[in-house]
Amino acid sequence: MSKCIFCKIANGQMPAHIRYEDDELVAFDDINPKAPFHVLIVPKKHLKNLNDTAKIDQDLLGHLLLIAQKVAEEAKIADNGYKIVINNGKESGQLVDHLHLHLLGGKLLARMTV
Ligand code: 5GP
Ligand code: ZN
């Protein structure tokens, strides 16, 4: 059984506030939000980060972005603007080794990092 926390959330073994789910991915609230709105968009396939992706993941990567847009629209933050962040590897600050997009919004984020 996987010890990865995002695999556990994606397959329902760990709770999270889920905003969207389909066969390919799940979007849920970050447990420690760095902005008024902070959602993680997570593929169900375990990929460590972007370094772990290849041509076969092209559709999945596009899907992650389009669902980020949909979640932002549904949360009514799309018009005011939002930030997408993907941390890759230890020098980026990646803490969870399962690829994820941070979707951040709800206040001025121009100089913020996560
Ligand atoms: P990273 O630094 O890897 O890009 O970001 C990992 C994010 O996952 C952090 O913002 C952190 O707050 C969030 N996180 C870590 N553990 C959990 C958890 O168990 N549940 C949820 N919902 N978020 C988590
Ligand atoms: Zn995983």
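K.L.:
When you look at the pattern of salt bridges in this model, what are you seeing that I'm missing?
P.N.:
Pairs may arise between side chains of opposite charge once their charged atoms sit close together. Enumeration over the complete set of coordinates arrives at five salt bridges. The salt bridge partner of Lys70 is Glu74, with a shortest N-O separation of 3.3 Å. Of the two residues, Lys70 and Glu74 are both situated in helix α2 (residues 58-74); the distance of four residues between them amounts to about one turn of the helix. The class for Lys70 is partly exposed, based on a relative accessible area of 31%.

K.L.:
How do you make sense of the nonpolar core when you look at a structure like this?
P.N.:
If you look at the biggest cluster of nonpolar residues, it comprises 17 residues, and the most contacted ones within it are Val39, Ile41, Val71 and Leu103. Mapped onto this core, the elements with two or more residues apiece are β2 (25-29), β3 (37-43), α2 and β5 (101-105). In contact with Ile41, other than residues within four places in its own chain, are Leu25, Val26, Ala27, Leu64, Ile67, Ala68, Val71, Leu99, His100, Leu101 and Leu103. The next biggest cluster of nonpolar side chains, apart from the first, holds 10 residues, and it includes Cys4, Phe6, Val42 and Val96.

Conventions used here
Residues numbered from 1 in each chain as written. Chains lettered and ligands numbered in written order. Predicted model: local features only at pLDDT ≥ 70, side-chain atom pairs only at ≥ 80, totals over all residues. Heavy atoms only, no water. Salt bridge = Lys/Arg side-chain N within 4 Å of Asp/Glu carboxyl O. Helix = DSSP H or I, 4+ residues; strand = E, 2+ residues; numbered from the N terminus. Buried < 20%, exposed > 50% of the residue type's maximum accessible area, 1.4 Å probe, protein only. Core = buried A, V, L, I, M, F, W, Y, C linked by side-chain atoms within 4.5 Å. Contact = heavy atoms within 4.5 Å.

Purely geometric stuff here, so don't read any function into it on its own.
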